[in-house]
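Here's the letter readout for the chains.
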Amino acid sequence: AISPEKIADLVYKILNKKNPKMVYKKNVSKKLKLLNLVPYKMQQKIFKFIGLMNGRLFIIVNEDRFFLSHRKDIAISAIAAGYDVTIVAKDTGLKKEILELGAKYIELPVNPTGKNIFQELQTFQFLYKLFRKEKPDIVHNVGLKQILWGGLAAKLASVPLMVSAVSGLGVM
């Protein structure tokens with residue numbers, strides 16, 4: 001007889017080959033391997049229902065490389081504690097490393113040194129729409145622009161908890 005874990009692995013491979021547009025998150029825990037049979041959003045609902053997921057944490061930083069050098073440990077700890085972690089940052093080519101941590105990644109349309117008010121308002125609008133759609137439980141803004149635009153967007157989108165961290169001198 002084939003174990004349920006092997007069946008789950010086979011079904012996961014078949015589903016990803018037949019319908020690559022469907023996204024399934026591969027669970028590393030042997031006890032949770034059967035969850036590979038259900039879509040990712042349903043997995044998250046199951047995790048929340050049985051208490052394995054504590055909430056959704058969004059970490060907003062200027063660039064992915066800054067996240068990896070300064071905030072990676074926070075994300076790893078949050079994932080280990082059962083949080084669904086999403087990193088929102090400008091892509092400098094390190095997206096794959098963030099995804100390998102088990103976090104999601106969303107590219108942030110930001111010009112770190114920009115002073116064009118229209119570009120800045122686009123960043124604010126992007127964050128506001130993102131927070132309204134995704135409904136994070138916690139937003140962690142890192143850096144001056146992220147504190148300004150992310151803080152305002154989080155407040156207007158009724159995010160329950162926001163943490164801000166100033167790092168460096170920043171560019172405004």
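See the structure above.
Residues numbered from 1 in each chain as written. Predicted model: local features only at pLDDT ≥ 70, side-chain atom pairs only at ≥ 80, totals over all residues. Heavy atoms only, no water.

Enquirer: Please clarify how helix 7 (residues 144-156) should be interpreted in this entry.
Expert: Residues spaced three or four apart along an α-helix face the same direction, because each turn holds 3.6 residues. For helix 7, which comprises 13 residues, the first-to-last C-alpha distance of 18 Å matches the rise-based estimate of 18 Å (1.5 Å per residue) to within 8%. Along helix 7, the positions that sit buried rather than exposed are Lys145, Gln146, Trp149, Gly150, Gly151, Ala153 and Ala154. Looking at the packing, one finds that the buried side of helix 7 touches strand 1 (55-63), helix 6 (117-134), strand 4 (138-142) and strand 5 (161-165). Looking one or two places after helix 7, you find serine 158, whose phi comes out positive at around 60°. (Helix = DSSP H or I, 4+ residues; strand = E, 2+ residues; numbered from the N terminus. Expected span 1.5 Å × (residues − 1). Buried < 20%, exposed > 50% of the residue type's maximum accessible area, 1.4 Å probe, protein only. Contact = heavy atoms within 4.5 Å.)

Enquirer: Where do I start with the sheet that holds strand 3 (residues 104-107) in this structure?
Expert: Strand-to-strand pairing in sheets goes through backbone hydrogen bonds, with the strands running parallel or antiparallel. Ordered in space as 3-2-1-4-5, the five strands form an open sheet in which the pairing is parallel. Taken across any chain shown, the strands that pair with only one partner, and hence form the sheet edges, are strand 3 and strand 5. Across the sheet, the mean angle from the axis of one strand to that of its neighbour is 20°, orientation sign disregarded. Here strand 4 pairs with strand 5 via five bridges, running parallel. Counted as the bridge partner of histidine 140 is valine 163 from strand 5. Helix 4 (residues 72-80) contacts strand 1, strand 2 (83-90) and strand 4 of the sheet and is inclined by roughly 155° relative to strand 2. Packed on one face of the sheet, helix 6 meets strand 1, strand 2, strand 3 and strand 4 and runs near 165° to strand 1. (Pairing = 2+ DSSP bridges. Axes fitted to C-alpha atoms, helices over the stretch in contact; angles between N-to-C directions.)

Enquirer: What is the right way to read the environment of isoleucine 60 from this model?
Expert: Mapped onto the fold, isoleucine 60 is located in strand 1. Remark: the alpha-carbon pair of isoleucine 60 and serine 164, spanning 104 residues in sequence, is separated by 9.5 Å. Contact partners of isoleucine 60, with chain neighbours within four places excluded, come to Val88, Leu108, Leu127, Phe131, Val139, His140, Asn141, Val142 and Gln146.

Enquirer: I would appreciate a short explanation of the packing of helix 6 against helix 7 in the present structure.
Expert: Packed helices, taken two at a time, are described by their axes: the angle between them and the distance between them. The contact between helix 6 and helix 7 brings their axes to 8 Å, and the two run at 40°. Judged by the angle between their axes, helix 6 and helix 7 are oblique. The two elements helix 6 and helix 7 cross, and the hand of that crossing is right-handed. In this structure, helix 6 contributes Glu120, Leu121, Phe124, Leu127, Tyr128, Phe131 and Arg132 to the contact, and helix 7 contributes Lys145, Trp149, Gly150, Leu152, Ala153, Ala154 and Leu156. A per-class count over the contact of helix 6 with helix 7 returns 10 nonpolar, one polar and three charged. (Parallel < 35°, antiparallel > 145°, perpendicular 65-115°, else oblique. Left-handed = near helix turned anticlockwise from the far one by under 90°. Nonpolar A, V, L, I, M, F, W, Y, C, P; charged D, E, K, R; others polar.)

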